[in-house]
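# Structure assessment
One letter stands for each residue in the lines below.
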Amino acid sequence: MIAFASRTGNVRYIVSRLRLPAIEIEEDLMLAESFLLFTYTDGLGEIPAKVKLFLERNGKLCRGVIVSGNSNFGHNVFGGAGDAIARQLKVPLVRKIDLRGFPEDYEVIHDYYEQCFRKEHIG
Ligand SMILES: Cc1cc2nc3c(=O)[nH]c(=O)nc-3n(C[C@H](O)[C@H](O)[C@H](O)COP(=O)(O)O)c2cc1C
């Protein structure tokens, strides 16, 4: 499943287009199954506070991170939340998306989702 955080609707929009099982991150959410994280970027390349708290409780079940950012913020901080999470949790950065992205971004996410969760079911 995909666990996502969206403040202004871009991530929510993409998730709705993906048609994959998804749950929005809310305070105190605890997951019992592994997930892909999909977050936006805050501050200057920062992980949103609610996502940080969520990962303190559920980070061990995270199998990869997808991030939306705005490339106008500049290369150094574009999608920085995804880089930070991938580094901290040692999980793949599946895709860095500019705002709502493009169909090819959605395809990459789909492919990774399939690969990730099919593998997990098998072994
Ligand atoms: C206060 C604020 C700070 C932001 N900082 C960054 C940033 O450092 N890097 C980046 O790539 N995007 C940054 N963004 C852009 C958002 O991450 C981007 O618009 C994203 O698509 C928002 O997703 P959402 O609509 O699902 O909330 C920032 C946006 C806001 C409002």
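The text that follows walks through the structure, step by step, so that each part is easy to find. This is a predicted model, so every value here is computed, not measured.

### With respect to the site of the ligand
- Around the ligand lies a shell of 20 residues, among which Ser6, Arg7, Thr8, Gly45 and Ser68 are the nearest.
- Here an oxygen atom of the ligand and a backbone polar atom of glycine 9 are 2.9 Å apart.
- A distance of 2.7 Å separates an oxygen atom of the ligand from a polar backbone atom of threonine 41.
- Expressed as a share of its isolated accessible area of 640 Å², the protein-covered part of the ligand is 82%.
- Contributions of two or more residues to the shell around the ligand are made by α1 (10–18) and β4 (62–69).
- The residue makeup of the shell around the ligand, split by class, is 7 nonpolar, 11 polar and 2 charged.

### Focus on helix α2 (residues 49–58)
- Buried residues of α2: Val51, Phe54, Leu55 and Asn58, and no others. Down the axis of α2, the buried set is contained in an arc of 100 degrees. They therefore lie on one face. Summarising the geometry of α2, the exposed residues directed more than 90 degrees from the buried face are Ala49 and Glu56.
- On the buried face of α2, the contacting elements are β1 (2–4), β3 (35–40), β4 and α3 (80–89).

Calculation notes
- Residues numbered from 1 in each chain as written.
- Predicted model: local features only at pLDDT ≥ 70, side-chain atom pairs only at ≥ 80, totals over all residues.
- Heavy atoms only, no water.
- Near = heavy atom within 4 Å.
- Polar contact = N/O pair within 3.5 Å; in protein donor to acceptor, adjacent residues only side chain to side chain.
- Areas by Shrake-Rupley, 256 points an atom, 1.4 Å probe, with all protein chains shown as cover.
- Helix = DSSP H or I, 4+ residues; strand = E, 2+ residues; numbered from the N terminus.
- Nonpolar A, V, L, I, M, F, W, Y, C, P; charged D, E, K, R; others polar.
- Buried < 20%, exposed > 50% of the residue type's maximum accessible area, 1.4 Å probe, protein only.
- Arc of directions from axis to C-beta.
- Contact = heavy atoms within 4.5 Å.

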